[in-house]
Amino acid sequence: MPVLPGAEPYRHEGGEVGVLLCHGFTGSPQPLRPWAEHLAERGLTVSLPLLPGHGTRWEDMRLTGWQDWYAEVDRELRALRERCTRVFVFGLSMGGALALRLAAKYGEEVSGIVVVNPANKVHGLSARALPVLRHFVPTTRGITSDIAKDGEVEVGYDRVPLQAAHSLRNFFRLVDGELPQVTQPMLLLHSVQDHVVPPADSARVLGRVSSTDVTEILLEQSYHVATLDHDRERIFEESFAFVDRITAGPGKEAESGRADEADGTDEADGTDEADGTDRVDQVGQVGQQEGTATGG
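Worth saying up front: this structure is predicted, and the values here are computed from it rather than measured.

The rules behind each value
- Residues numbered from 1 in each chain as written.
- Predicted model: local features only at pLDDT ≥ 70, side-chain atom pairs only at ≥ 80, totals over all residues.
- Heavy atoms only, no water.
- UniProt positions renumbered as here; feature names shortened; annotations may be inferred.
- Helix = DSSP H or I, 4+ residues; strand = E, 2+ residues; numbered from the N terminus.
- Buried < 20%, exposed > 50% of the residue type's maximum accessible area, 1.4 Å probe, protein only.
- Axes fitted to C-alpha atoms, helices over the stretch in contact; angles between N-to-C directions.
- Parallel < 35°, antiparallel > 145°, perpendicular 65-115°, else oblique.
- Left-handed = near helix turned anticlockwise from the far one by under 90°.
- Contact = heavy atoms within 4.5 Å.
- Polar contact = N/O pair within 3.5 Å; in protein donor to acceptor, adjacent residues only side chain to side chain.
- pLDDT = per-residue confidence, 0-100.
- Pairing = 2+ DSSP bridges.

(A) Local environment of the UniProt feature "binding site: substrate" (unreviewed entry) in the chain. Here the UniProt-annotated "binding site: substrate" (unreviewed entry) positions come out as Phe25 and Met94. Taken along the chain, the residues just named run across 70 residues; in space they keep tight, none of their C-alpha pairs more than 5.6 Å apart. With respect to the helices and strands, the residue Phe25 is situated in the loop between β2 (17–22) and α1 (33–41). Within the secondary structure, Met94 is located in helix α4 (residues 94–106). Overall, Met94 belongs to the buried group, its relative accessible area being 0%.

See the structure below:
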């Protein structure tokens, strides 16, 4: 089937640091494209694939499940690993869950993860009925374009196939059980108002991962598709700064210190170093909000 205009995958050959971006359920690469281009412009190698069953028509999605979506990002990650010395995984919504599973499975081969409004559960009373309901009701209303900014539209399906939603529910349960295996540095950004995925999902992720280097940022002006919303520039800048910090590493920091000593300057007044603390910015507290029937 022809791909919807704007839903095409995106790849860019850059330097030795690579980023894999994973889009959301019933969505497409389109809402992540500006993010991917921002990273590419700064010299990173970028891969933004189109997940199977997405970006064409909702009927195609009925023939796919979480195994197909995960297999696609798994292949892309392996390809990046062959090309790059360091690889990061980013994700929006269900893409956040895909990123977290890749982190759990690949361990140190993934240098860090950035997730925006990560989905962790299919919410609502209808979720319990999905195993039976999917055999009688083919679709429900779509979940795309939850965006506060006027004029922005997400390319995706206006219907959610219940067969795929049932598979998504099973995937979320699987990933939830694997969260303690996630140990990489993590940047998690989530919207205060989100009409698709409630803040409770972000709280669940933060509470179950084993990562010790964790930064949480609240997005005050955006809804679910925050990468197309008012906070998009902050997401882009914070995520690149995160990659830059992790890839700098102790080796480059040591070199910087030796350079300062050589020219006789005092690098800092020592207030942070004196107490030996590692200061990670923790911004905001997770709120509580009721979600919709499906989280994308």
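(B) Spotlight on the packing of helix α3 (residues 66–83) against α4. The interhelical angle for the contact between α3 and α4, taken along N-to-C directions, is 60°, at an axis separation of 10 Å. In terms of orientation, α3 and α4 fall into the oblique class. Regarding α3 and α4, the two cross each other, and that crossing is right-handed. For the pair α3 and α4, the contacting residues are Trp66, Trp69, Tyr70, Val73, Asp74, Leu77 and Arg78 in the first and Met94, Leu98, Arg101, Leu102, Lys105 and Tyr106 in the second.

(C) Fine view of the side chain of Ser47. Note on placement: Ser47 falls in strand β3 (residues 45–48). Within the structure, Ser47 has its side chain in polar contact with the side chain of Glu76 (distance 2.6 Å). Other than its neighbours up to four places away in sequence, Ser47 contacts Tyr10, Arg11, Val19, Leu20, Leu21, Glu76 and Leu80.

(D) Inspection of the confidence of the model for the chain at higher detail. Residues with a pLDDT of 70 or more make up 79% of the chain, whose mean pLDDT is 85. In the predicted structure, residues 250–293 sits below a pLDDT of 50 and forms 46 contacts with residues beyond four places in sequence or in another chain.

(E) Broad picture of the sheet that holds strand β4 (residues 86–92). The mixed open sheet is built from seven strands, whose spatial order is β1-β3-β2-β4-β5-β8-β9. Both outer strands of the open sheet, β1 (10–12) and β9 (214–219), are each paired with one neighbouring strand and no more. Recorded for the sheet is a direction-independent mean angle of 15° between the axes of neighbouring strands. Alignment of β2 against β3, held across three bridges, turns out to be parallel. Bridge assignment links Val19 to a residue of β3, and that residue is Val46. Sheet contacts for α3: β1, β2, β3 and β4; angle to β2, the most-contacted strand, approximately 170°.

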